Amino acid sequence: GALSISFVARWDALHLWSRIVDFSAGPGLDSITISNLERGKSLVADIYRRGARKRLAMVGAITLGNTQRYLFTVSDKGCMRMIRDGVQLGELAAGYAPSPVERPKLLVGGSCNPADGGFQGHIADLKLWPDVVAWEDAFPEADFEELPAP
């Protein structure tokens, strides 16, 4: 079904698939992941359903050392969107809505795949909703404080 994930993040280094979140039953098993692509500056949000993947990729979206706010949403029809600091970074209209299955691995800053690198930086204010939420609901201005520099 529909899902929204908001968070504040700062990447201090780019390791192999540094995950913000990895919610899954195992690598690629009905997973919801947000990370950098391989070792690069592209931000990706992946949703896996029964081994198949849909990826929303935002090329060059990560700047090391910058603290920014993010909102990832996916509708019940599979429309995937990523917003950063109130501006849409990307959209994949023909994505996947997450399957309604148990995901025993709810990792923040880590991955259930042992080959992936750990997240180096700062992740804060992670919030989840079982629906699509608007930017204003995810980030009321009074809730945001600048994170310290690395």
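Please refer to the structure placed before this passage.
These figures come from a predicted structure and were not determined experimentally. (Residues numbered from 1 in each chain as written. Predicted model: local features only at pLDDT ≥ 70, side-chain atom pairs only at ≥ 80, totals over all residues. Heavy atoms only, no water.)

Trainee: So what exactly am I meant to see when it comes to the sheet that holds strand β8 (residues 87-92) here?
Mentor: Strand pairing in a sheet relies on backbone hydrogen bonds. The paired strands run either parallel or antiparallel. One open sheet holds the five strands; their spatial order is β8-β7-β6-β1-β10, and the pairing between them is antiparallel. Both outer strands of the open sheet, β8 and β10 (120-129), are each paired with one neighbouring strand and no more. Averaged over all pairs of adjacent strands, the angle between strand axes in this sheet comes to 20°, irrespective of strand direction. (Pairing = 2+ DSSP bridges. Helix = DSSP H or I, 4+ residues; strand = E, 2+ residues; numbered from the N terminus. Axes fitted to C-alpha atoms, helices over the stretch in contact; angles between N-to-C directions.)

Trainee: Is there a simple way to explain the pairing of strand β7 (residues 80-84) in this structure?
Mentor: The side chains of a regular strand alternate, residue by residue, between the two faces of the sheet. Counted residue by residue, β7 has four buried out of five residues, so it is predominantly covered. In this sheet, β7 lies alongside strand β6 (residues 68-74) in antiparallel orientation, the contact comprising five bridges. Residue pairing in the sheet places leucine 71 in a bridge with isoleucine 83 of β7. Between β6 and the antiparallel strand that follows it, β7, lie five residues; glycine 78 among them carries a positive phi value of about 100°. For β7 and β8, the ladder comprises five bridges, and the chain directions are antiparallel. Opposite methionine 80, over in β8, you have leucine 92 as the bridge partner. Counted between consecutive antiparallel strands, the loop separating β7 from β8 contains two residues, among which aspartate 85 sits at a positive phi close to 50°. (Buried < 20%, exposed > 50% of the residue type's maximum accessible area, 1.4 Å probe, protein only.)

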